[in-house]
Each structure stands twice: as structure tokens, then as C-alpha cells.
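Okay, here's what each chain looks like letter by letter:
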Amino acid sequence: MKSPQANPRVSVIALCFNHARFVVECLESIRAQTFQDFDLVIMDDCSSDDSVALITDWITRTGTQCTFVAHRVNAGVCQTQNEAIALGKGQFLCVIAADDRWRPDRIESHLKAFANLPPDVALVYSDTAQIDEHGNALPETFLEEQRPGFRLPSGRVFEELVNRNFVHPVSSTMRRDAVSKVGGYDTRLTIEDYDMWLRLANEYQFVHVEGIYSDYRIVSTSLTRTLWVAPSARFVYGQFLLREKWIPSGLLNARQRKIWSDHQSEFAYWLYFHGDPRATRCLWTAALRTKRPRFFALATLSSLGLHRSRAKRVASALGLVRDN
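No experiment lies behind these values; they were computed from the predicted model shown.

Moving on to the overall build of the protein chain. Each helix and strand counted, the protein chain has 13 helices and eight strands in total. Residue burial in the protein chain is summarised as follows: out of 324 residues, 53% are buried. Contacts in the protein chain between residues at least 24 apart in sequence constitute 75% of all its contacts with a sequence separation of at least 6. Looking at the protein chain as shown, the accessible area adds up to about 14800 Å², and 53% of this sits on carbon and sulfur atoms.

Before going further, it helps to examine the sheet that holds strand β5 (residues 101–102). The eight strands are arranged β3-β2-β1-β4-β7-β6-β8-β5 in an open sheet whose pairing can be described as mixed. At either margin of the open sheet sits one strand with a lone partner, and together these are β3 (67–70) and β5. By the bridge criterion, four bridges tie strand β2 (residues 38–44) to β3 in an arrangement that is parallel. Note on β3: the bridge partner recorded for Met 43 is Val 69.

Here we take up the pairing of strand β6 (residues 121–131). In terms of burial, β6 is largely enclosed, as eleven of its eleven residues are buried. Strand direction decides the pairing type here: β6 and strand β8 (residues 205–217), joined by eight bridges, are parallel. Among the inter-strand pairings, Gln 130 is bridged to a residue of β8, identified as Tyr 216. The pairing of β6 with strand β7 (residues 172–175) spans three bridges and is antiparallel.

Negative phi is the rule for most residues except glycine; trans is the rule for most peptide bonds. Phi is positive for Asn 18, close to 55°, though the residue is something other than glycine. One can find Asn 18 in the loop between β1 (10–16) and α1 (23–31). For Asn 18, a relative accessible area of 31% gives the class partly exposed. The phi dihedral of Lys 291 falls on the positive side, at around 65°, and the residue is not glycine. Position of Lys 291 relative to the elements: it lies in the loop between α11 (279–290) and α12 (293–303). Exposure remark for Lys 291: the relative accessible area of 58% places this residue in the exposed category.

A few words now on the packing of aromatic side chains. In the structure shown here, the tally under the stated rule is seven aromatic pairs. Taking the centre distance of 6.3 Å and the plane angle of 50° together, the rings of Tyr 194 and Trp 260 count as tilted. Taken together, the residues span a long stretch of sequence, with Tyr 194 in helix α7 (residues 193–203) and Trp 260 in helix α10 (residues 254–273) at a distance of 66 residues. You can call Tyr 194 buried: its relative accessible area is 14%. Look at Trp 260 and you get buried, because its relative accessible area is 4%. Above the ring of Trp 260, the side-chain terminus of Arg 243 is found at 5.4 Å from the ring centroid. The positively charged end of Arg 278 is found above the aromatic ring belonging to Tyr 237, 4.3 Å away from the centroid.

Moving on, we come to α12. Among the residues of α12, those classed as buried are Arg 294, Phe 295, Leu 298, Ala 299, Leu 301 and Ser 302. Along the long axis of α12, the arc covered by the buried residues comes to 160°, so they all point the same way. One or two positions beyond α12, positive phi appears at Gly 305, with a value near 80°.

What follows covers the packing of α10 against α11. The N-to-C vectors of α10 and α11 enclose an angle of 150°; their axes lie 9 Å apart at closest approach. Considering their axes alone, α10 and α11 lie roughly antiparallel with respect to each other. Crossing of α10 over α11 shows left-handed handedness. In this structure, α10 contributes Ser 261, Gln 264, Ser 265, Ala 268, Tyr 269, Leu 271 and Tyr 272 to the contact, and α11 contributes Ala 279, Cys 282, Leu 283, Thr 285, Ala 286, Arg 289 and Thr 290. Along the lines of polarity and charge, the residues of the contact of α10 with α11 split into eight nonpolar, five polar and one charged.

In this section: the pattern of salt bridges. Applying the stated criterion across every chain yields a total of 18 salt bridges. Asp 57 serves as the salt-bridge partner of Arg 61, at 3.4 Å between the closest nitrogen and oxygen. One end of the pair is Arg 61 and the other is Asp 57, both in helix α2 (residues 51–62) and four residues apart, which spans about a single turn. For Arg 103, the salt bridge goes to Asp 215, with nearest N and O atoms at 2.8 Å. Taken together, the residues span a long stretch of sequence, with Arg 103 in the loop between β5 and α4 (106–115) and Asp 215 in strand β8 at a distance of 112 residues. Salt bridges sharing common partners tie together Glu 25, Arg 101, Arg 103, Asp 215 and Arg 217.

Our next topic: the state of the cysteines. By definition, a disulfide links the sulfur atoms of two cysteines through a covalent bond. Counted according to the given criterion, the structure contains zero disulfides. Not part of a disulfide, Cys 26 finds its nearest cysteine sulfur in Cys 16, a span of 8.3 Å. With relative accessibility at 0%, the residue Cys 26 sits in the buried group.

Cut-offs applied
Residues numbered from 1 in each chain as written. Predicted model: local features only at pLDDT ≥ 70, side-chain atom pairs only at ≥ 80, totals over all residues. Heavy atoms only, no water. Helix = DSSP H or I, 4+ residues; strand = E, 2+ residues; numbered from the N terminus. Buried < 20%, exposed > 50% of the residue type's maximum accessible area, 1.4 Å probe, protein only. Contact = heavy atoms within 4.5 Å. Areas by Shrake-Rupley, 256 points an atom, 1.4 Å probe, with all protein chains shown as cover. Pairing = 2+ DSSP bridges. Phe/Tyr/Trp six-rings, centres within 6.5 Å; stacked < 30°, edge-to-face > 60°. Lys NZ or Arg CZ within 6 Å of the ring centre and 35° of its normal. Arc of directions from axis to C-beta. Axes fitted to C-alpha atoms, helices over the stretch in contact; angles between N-to-C directions. Parallel < 35°, antiparallel > 145°, perpendicular 65-115°, else oblique. Left-handed = near helix turned anticlockwise from the far one by under 90°. Nonpolar A, V, L, I, M, F, W, Y, C, P; charged D, E, K, R; others polar. Salt bridge = Lys/Arg side-chain N within 4 Å of Asp/Glu carboxyl O. Disulfide = S-S within 2.5 Å.

Written out as C-alpha cells, the structure reads:
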């Protein structure tokens, strides 16, 4: 890996959180890139394993010039990404989680695509292979899992993105100025990518680039998987807020509004079920949006301070709350 120029074309951001098993392999895949005009920002968000020691050793051993920040307090992925973007200088941004890896032509292939695209293209993306914790290839790629019937769209892709998140961070490259224009990552959220894609797609074009240039590792303990299996209140509230950004926007069709409103209502119910103080406001939003008696009743109970421990018996008797 060569020393970066004063004004590199690309900023590479490597995000680590308890990725000690994989971080060196990830960093080596960055170092092996055929395109070398990039600065490297490595962020560790308060790992409890040996990640920091391994990163520090790798930097010393390889002589790699980079910016390395090790948080002493966990800041979350959105704040960490904003911090990393501010530290980098590249015109384009490539982000990789430290349990994934790139193939040697990952950056070069996307930069070649950008060279022939108009400035209103904010992001190019490719498919990515999927591997298990031992690095073995899995049968389907990320996009193959979304088929049959799924096309790979380019251009104005907002409507398709509302239906599904088909852009993977490990295989996407963004223009820095576009990310800045839409306001960076929303630190209220726990998962960052889908919100960013939607905001970019609302104002810019996306372009699909053929080829496989990365390996996305399926790890049972990854942040994304653990959040969906055992969600925290912060995660659930973030999912509620994400939908609140777009449901009233007038940009969703009737079918999309219904699906997103139903999902938002379930997140509001989860907050109530777990006694979160934000539940009352969220339930009233769900009630007014869906017009369902169940949510009006739950919002009323929550407004009266009758949270799950006190209201479940009443609500269950009325058939308003599921027994789960």
C-alpha cells in the first residue's frame, strides 16, 4: 500500500467492533487493492476483544499510513461513520466492516465506473459474495437471495429501495459531497445504511456495476443480526423514526404506505410492550395513521400511564393486546 496523496481520490473507512477474528484479513484486503490513491481511516468502536491490539500491531508491522481511532466509549455505527468521514479527505467513500473483505479490484472497478457517469450519480453498487465465519463461500450472493423476479436497477431507484434494501455497504461507493448534502448519518439510528441509501436515492441516481468485488461474511454475532434477533429499545425506536421520515413524505405509493405504516405500528407496539417511555407518542402516531381501534386503545392506555404491567389484563380481556 503506497502512501496516500495529499488529496486522495478515495477515503477507505474500516469499521471494527469486536472483529478480532477477522480484522487483519480485512485490513490486508485493503492493503492489496490495485487502486492505491486512497487514505485509510480505521475506527474501533470500543471493542471488548483484542481488536485494538491487533490493529495496532498490523499498522506497525506493515508500516501502513492511516488514521486509527479507538473509542473508549461505544458511540454507535452512525456517529462513528460521521467521525471517520470527517477525518478522511477523499472525493469518494468506501466503507467496510472489519469482518468482511474486499477483492483486489474492488476500488478500481467502482472508480472506473464513476469516471463515465454524470455528477448526479451519488452511488455505484455491485453484488457481493457471501461467506461463512470460516471464509467458505455460501451458495448464493447477496442479490441472488432477493430473486427471482428482482431486477438490478440503475437511475432513480428510490421506489425500488422503499420495497427492499438491495444495496450492501461493503459493495458500494459514494460521492462524499452527496453524503454531506443529505446530512451525513443519522445518529438516532442503530443501523445506518438503509436510511442513507433512501436519502441519497431521493436526490440522486444510483448505478449498478456488474461483477463481484467483495465478500460479505455471515457471522451469527454481527451487529445487524443480533439487533434483529434481540432488538434493543434504541434499535426499535430508530426503526420507527426511519419510517416516520418517509410515510408522510408523499413519495410512497398506497401499497408502500400501508406496509410501512404496519411495520411502524409494530415497532410502536414493541415499545409499549417493553414499557418504553416513548411508546405513548409512537402509539398515537400509529393510531392516527392506521385508524385501527386497537392502537387508539393502546395509545389511550399508555397516555394514562397504564403500561404493560398494569394494562395487559385489561387490554387482553378486550382483545386488544396479543398474548406474547
